[in-house]
Amino acid sequence: MKTRTPISVYIAVTIGLTIMAFEMFASDSGYFTSPFFWALILIAIILLMIMNSIGDMIENESFSRLSEEEKKQYLAEKSVPYYQKLWNSAFKKQSVTEEKDILIDHGFDGITELDNSLPKWWIGLFWFGCIFCVVYLTAFSFTDYAHPEAEYTKETKTMLASIAEYEKTAPQINLETAKYSADNIAEGQELFKTNCVTCHGDGGKGGIGPNLTDTHWINIKEKSLFKNVFWMLENGSPNNPTMRPFIKEGTITGKDAEKIAAYIYHINQESSPITAAQGGAAPQGEEVKWENGNN
């Protein structure tokens, strides 16, 4: 009769497998706060304790049927702690007498072989790896678990939702509060392509609308270039209805206008102008020297 594995080991393994299953199949990582998760753990522990009690009854019944010598041998074996048995099965060497009992009756060139059993930890690790591979491949094939694209999409949605929530309470950007930031140039370029490139051309070189990279401007409403661009995006051009008041119409937000103005400031003040020889539109309006600073 073999000694049984302690109930604590079963509980630890069950909790570990449950967490692994939730990590693979749960829609989010907040399952630790879910009552369903803890109810499942509690039910599993109760079932394990019931199973252990039934095992105790079977063990007692089997023990009563052993001879006195078998009882002594069983009690001696049971007195060794479980983890000590695992250690011994992995690292303890047999005595010379024990080796004779497990010596296989063949050899070659003086080399003999022992019929050792594989360590329990090795067998357990082997079966755990097999089960984990099956579960992982199933989760990867039929769910979104471990898919980089699905994880990226999920994180993007979470990020956009947090940005939208922030912008509900964030102070609105207007002409007075708008500030230039080089960090806005890249996003401003994308917004420019969406809203402005039809008239002002790629890179602001001009077309239907004027060239935004040179020193000539038709509408001069502010002393700084950055603020002047923001004013135009907010109010539109008094000379040309094609240049609409994008902010007032609701086409873009003040934050978007701040980014577009940063991009236009960048291509006008921090980059070389696109001349007519390079495909840019001819200068329109009057030459202007903007005040230093970009606010």
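This structure is a prediction, so every number in the text was calculated from the model and none was measured.

**Overview of the overall build of the protein**
Point 1. Counting secondary structure elements, the protein contains twelve helices and four strands.
Point 2. Against the globule reference of 19 Å for 295 residues, the protein gives a C-alpha radius of gyration of 38 Å, more extended than a compact globule.
Point 3. Dimensions of the protein, computed from C-alpha atoms along their principal axes, come out at roughly 115 × 55 × 35 Å.
Point 4. The 295 residues of the protein split such that 25% are buried.
Point 5. Within the protein, contacts between residues at least 6 apart in sequence are counted, and of these 62% link residues at least 24 apart.
Point 6. The centroid of the 25 positive side-chain charges in the protein is displaced by 4 Å from the centroid of its 37 negative side-chain charges.

**With respect to the UniProt feature "transmembrane region" (unreviewed entry) in the protein**
Point 1. Within this structure's numbering, the places UniProt gives as "transmembrane region" (unreviewed entry) are residues 7-25, 37-55 and 121-142.
Point 2. When the span residues 7-25 is considered, its composition is 100% helix and 0% strand, and the gap between its end C-alpha atoms is 27 Å.

**Let's talk about the environment of Thr 213**
Point 1. Mapped onto the secondary structure, Thr 213 falls in the loop between helix 9 (197-200) and strand 3 (216-217).
Point 2. By relative accessible area, Thr 213 is classed as buried at 3%.
Point 3. Sequence separation of Thr 213 and Ser 272 is 59 residues, and the distance between their C-alpha atoms is 7.6 Å.
Point 4. One polar contact links Thr 213 to Asn 211, side chain to side chain, over a distance of 2.7 Å.
Point 5. Engagement of the side chain of Thr 213 in a polar contact is seen with the backbone nitrogen of Ile 274, the distance being 2.9 Å.

**Overview of the UniProt feature "domain: Cytochrome c" (unreviewed entry) in the protein**
Point 1. As recorded in UniProt, the sites labelled "domain: Cytochrome c" (unreviewed entry) are residues 183-268.
Point 2. Regarding residues 183-268, the helix share stands at 52% and the strand share at 2%, and the terminal C-alpha atoms are separated by 16 Å.

**Examining the side chain of His 200**
Point 1. By secondary structure assignment, the location of His 200 is in helix 9.
Point 2. Within polar-contact distance, the side chain of His 200 engages the backbone oxygen of Pro 210 at 3.0 Å.
Point 3. Those residues in contact with His 200, other than ones at most four positions away along the chain, are Phe 192, Lys 205, Gly 206, Gly 207, Gly 209, Pro 210, Leu 212 and Met 243.

**Focus: a nonpolar patch on the surface**
Point 1. Residues Val 13, Leu 17, Leu 118, Trp 121, Trp 122, Ile 123, Leu 125, Phe 126, Trp 127, Phe 128 and Ile 131 make up a contiguous nonpolar surface patch of about 1100 Å² in total accessible area.
Point 2. Residue assignment for the nonpolar patch shows that the elements contributing at least two residues are helix 1 (7-25) and helix 6 (120-142).
Point 3. The element contributing the most residues to the nonpolar patch is helix 6, with eight residues.
Point 4. Tracing the backbone through its elements, the reader meets Trp 127 in helix 6.

**Examining the state of the cysteines**
Point 1. All told, the structure shown has zero disulfides when counted by the stated rule.
Point 2. Left unpaired, Cys 133 is separated from the closest cysteine sulfur, that of Cys 130, by 6.8 Å.
Point 3. The closest cysteine sulfur to the non-disulfide-bonded Cys 196 is located on Cys 199, 8.6 Å from its own sulfur.

**Observations regarding the pattern of salt bridges**
Point 1. All told, the structure shown has nine salt bridges when counted by the stated rule.
Point 2. With a closest N to O distance of 3.8 Å, Glu 190 and Lys 193 form a salt bridge. Residue Glu 190 and its partner Lys 193 are both found in helix 8 (residues 185-195); the two are separated by three residues, about one turn of the helix.
Point 3. Judged by relative accessible area, which is 46%, Glu 190 ranks as partly exposed.
Point 4. When the shortest N-O distance is used, the salt bridge between Glu 258 and Lys 255 registers 3.3 Å. In this pair, Glu 258 and Lys 255 are both assigned in helix 12 (residues 254-269), three residues apart and thus about one turn of the helix distant.
Point 5. Classification of Lys 255 as partly exposed rests on a relative accessible area of 33%.

Rules used in this analysis
Residues numbered from 1 in each chain as written. Predicted model: local features only at pLDDT ≥ 70, side-chain atom pairs only at ≥ 80, totals over all residues. Heavy atoms only, no water. Helix = DSSP H or I, 4+ residues; strand = E, 2+ residues; numbered from the N terminus. Rg over C-alpha atoms; globule rule 2.2 N^0.38 Å. Buried < 20%, exposed > 50% of the residue type's maximum accessible area, 1.4 Å probe, protein only. Contact = heavy atoms within 4.5 Å. Lys, Arg positive; Asp, Glu negative; His and termini not counted. Charge placed at Lys NZ, Arg CZ, Asp CG, Glu CD. UniProt positions renumbered as here; feature names shortened; annotations may be inferred. Polar contact = N/O pair within 3.5 Å; in protein donor to acceptor, adjacent residues only side chain to side chain. Patch = residues over 30% accessible without salt bridge, like charges linked within 9 Å, V, L, I, M, F, W, Y side chains within 5 Å. Areas by Shrake-Rupley, 256 points an atom, 1.4 Å probe, with all protein chains shown as cover. Salt bridge = Lys/Arg side-chain N within 4 Å of Asp/Glu carboxyl O. Disulfide = S-S within 2.5 Å.

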